[in-house]
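# Fold and contact review
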Amino acid sequence: MMEKADSVQKLYTRMRLWAFPDQFVIEPTDGSSGSSLAVSRVDGSMKLIDEVPECSSLRVPKIYTIFGVVGMLRLLAGSYLLVITERESVGSYLGHPIFKISSLKVFPCDNSLKNTPAEQKKIETEFSALLNVAEKSSGLFFSYETNLTLSAQRLNDLGDESRLLPLWRQAEPRFLWNNYMLEVLIDNKLEPYLLPVVQGSFHHFQAAIGKDIIDVTLIARRCTRRNGTRMWRRGADPDGYVANFVETEQIMQFNGYTASFVQVRGSIPLLWQQIVDLTYKPKFELLKLEEAPRVLERHFLDLRKKYGAVLVVDLVNTHGGEGRLCEKFGETMQHVASNDVRYLHFDFHHICGHVHFDRLSILYEQISDFLERNGYLLLNEKGEKMKEQLGVIRTNCIDCLDRTNVTQSMIGRNMLEYQLRRLGVFGAEETITSHPNLDESFKILWANHGDDISIQYSGTPALKGDFVRFGHRTVQGIVQDGCNALLRYYYNNFRDGTKQDAIDLIQGHYIVSVSRDTAASSQKGGLEAIASFPMAFALVLTGFLFATMSLRQVRYDFRHFFFSLMWAGISVGIAAFVRANGRVFCNRPRLHNPR
């Protein structure tokens, strides 16, 4: 289906990185006859060289085995090279090997820092520290042979000319995780080094049904347009791109046939936010209500162009803060609803509660006509298209993680059964549940997928994952959900601001500028400059400790009662001050300027 002509230059699959004092040299070691790449450690400039320089006997360079160049990032004074130092084979996508990045490493090309002013050096150090956070990015996948950013249907629809292009030129920019970092390599025309990377999830299994073997793959692609962490990226931007937008493709292969079904998830496409302020559930804020119809229109125009008809399944509550969002979403949808765009609200928590997820069958009855009408991609043994997917279901809750994953797994399950009946593997009344091995593998597939997407957005595995994994809620699962909810609170309030900055930096949503960043650094001050939650927390505890100690001394000297009141008052005062200024005491992003 995706044969590429021999004329296309292949990507290097294994290289040796030599760390010389003045340059890094990347030498292909996979049997390719290509040139080595020299990267200056002074200014990050690149050039191809025919052979690796001879080593000085006094100073032998460090040598690393690498499996790909992710890209180059330019900061104030230095440039930083990102490479793959460890990979893991995770399976194949339409017959092509897929790898997961196990370890990323940043190599600084910042020798010129020695000659920069102290202020710039300080800012460079702050920015480069964010790259250490970027090194820990999870869920990164790549292939040397096929375009992971496109679904099977879009790959199949590629014209002959497009198939001859290098992978990075075929790639869908919104799913190309290293899009911005590849720019320097593209400018230097380094084709065999240009490795496209996607962020998301990749899982697969094989299962026997009688004498038949079916292969099921689940691949998720996260959009980079408005990506980030759970509380710092909510809703849509003015262009209609939404937070946590993920395309999930379920592929089934059997006897040469390939069936592909795509679903999408994404934040409610209005301008809204939920800024952390130390409360467990920060309030929802709707912004620029007059712009809602235009933003929604842009969002659905883009979806229709890429996927065809759209059915919106909104799973949020109808009361409280969620209720206000839900009401505004439903009301604004009336402006864009048409034959091609349909809105359906399903109050997940009200109908399913916390344990009755089998009631999702009520939702399926409401959407089955859309699924039957818009179908899925089906290719025969020759790769010829027998059927195509004409529309997509767009599911959302508030985070588009937990309720969304339970719902999408239900839709994926029904669609797989539909495909197996079409191919004659299942009888008319047969279901996945009739085959315990297939049933268990399918549940685990979707549970792992939900955990991956959740970890990338919120920092923890998905809630309600026990239902997806086992088919019912468990006591252990409910306890685990409680722990994960507390962990999310911690990450959202005290870690995610820095992580958001790292994401904005490597994705090019924030471009470093000498004049702006030097000025911004000198303006820092006020409460924000000294606010420290750990320090405030320590003072509150110390105050209560002294209050308790004083109270114990009251029987010997009544004056200690007043000391006890004083210390307790100081503790309560500090706690009240921190509560009133909660946003300042949270770990907030510093880089907000859009690209």
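Since the structure is predicted, the reported quantities are computational estimates derived from the model, not experimental observations. One numbering rule holds for all chains: residues counted from 1, following each sequence as written. Two thresholds apply to this predicted model, a pLDDT of at least 70 for residue-level local features and 80 or more for giving and counting side-chain atom pairs, whereas whole-chain, interface and lining totals are computed over all residues. Hydrogens and water are ignored here; the side-chain numbers use all heavy atoms of the structure.

Let us look at the pairing of strand β12 (residues 246-254). Most of β12 is tucked away, with eight of its nine residues classed as buried. Pairing geometry for strand β11 (residues 212-222) and β12, over eight bridges, is antiparallel. Residue pairing for β12: Ile219 is matched across the bridge by Glu249. The rule for pairing is simple: two strands pair if DSSP sees at least two bridges between them. Every helix listed is a DSSP run of H or I at least four residues long, and every strand listed is a run of E at least two residues long, numbered separately from the N terminus. Pairing of β12 with strand β13 (residues 257-265), which is carried by nine bridges, proceeds in the antiparallel orientation. Bridge pairing links Thr248 to Gln263 in β13. Connecting β12 to the antiparallel partner β13 that follows it, the hairpin turn spans two residues, and Asn255 within it adopts a positive phi of roughly 50°. Categorising residues by exposure relies on relative accessible area from a 1.4 Å probe, with only protein chains included: less than 20% of the type maximum marks a residue as buried, more than 50% marks it as exposed, and the intermediate range marks it as partly exposed.

The feature "domain: SAC" (unreviewed entry), as annotated in UniProt, sits at residues 131-459 in this numbering. Span residues 131-459 is 36% helix and 22% strand, its end C-alpha atoms 18 Å apart. UniProt positions are given in the numbering used here, feature names are shortened, and annotations may be inferred rather than shown by experiment.

Position of Arg265 among the secondary structure elements: in strand β13. In this charge count, Lys and Arg are treated as positive and Asp and Glu as negative; neither His nor the chain ends contribute. In the sections that follow, a salt bridge refers to a side-chain nitrogen of Lys or Arg positioned within 4 Å of a carboxyl oxygen of Asp or Glu. Buried within the structure, Arg265 lacks any salt-bridge partner; Asp402 is the closest side chain of opposite charge, at an N-O distance of 7.4 Å. Polar contacts, as counted here, are pairs of nitrogen or oxygen atoms within 3.5 Å of one another; within protein the pair requires one atom able to donate a hydrogen and one able to accept it, and residues that are adjacent in sequence qualify only if both atoms are side-chain atoms. Looking at Arg265, its side chain comes within polar contact range of the main-chain oxygen of Cys400, at 2.9 Å. A polar atom in the side chain of Arg265 sits 2.9 Å from the side chain of Asn405. By definition in these notes, contact holds between two residues if any of their heavy atoms fall within 4.5 Å. If sequence neighbours within four positions are ignored, Arg265 has contacts with Asn244, Phe245, Val246, Thr395, Cys400, Leu401, Thr404, Asn405, Gln408, His449 and Ile453.

Patch definition: residues with relative accessible area over 30% and no salt bridge; like charges joined within 9 Å; nonpolar side chains (Val, Leu, Ile, Met, Phe, Trp, Tyr) joined within 5 Å. Method for areas: the Shrake-Rupley scheme with a 1.4 Å probe, in which residue coverage is limited to the protein chains shown. Together, Leu551, Phe558, Phe561, Phe562 and Leu565 make up an exposed nonpolar region whose accessible area comes to about 530 Å². For the nonpolar patch, the element with the most residues is helix α18 (residues 559-580), which contributes three residues. Relative to the helices and strands, Phe562 resides in helix α18.

Mapped onto the secondary structure, Asn437 falls in helix α11 (residues 436-458). Remark: the alpha-carbon pair of Asn437 and Ala208, spanning 229 residues in sequence, is separated by 8.0 Å.

On to helix α13 (residues 475-494), then. By this rule, a helix spans an expected 1.5 Å times one less than how many residues it contains. Compared with an ideal rise of 1.5 Å per residue, which puts 20 residues at 28 Å, α13 spans 29 Å between its outermost C-alpha atoms and is within 8% of the ideal. Those residues of α13 not exposed but buried are Gly477, Asp481, Asn484, Ala485, Arg488, Asn492 and Asn493. End-on view of α13: buried residues confined to an arc of 160°, all on one side of the axis. In α13, those exposed residues whose orientation departs by more than 90 degrees from the buried face are Val475, Gln476, Val479 and Leu486. The inward-facing, buried residues of α13 abut α10 (402-422), α11, α12 (465-470) and α14 (496-506). This arc is taken over the directions from the axis of the helix to the C-beta atoms.

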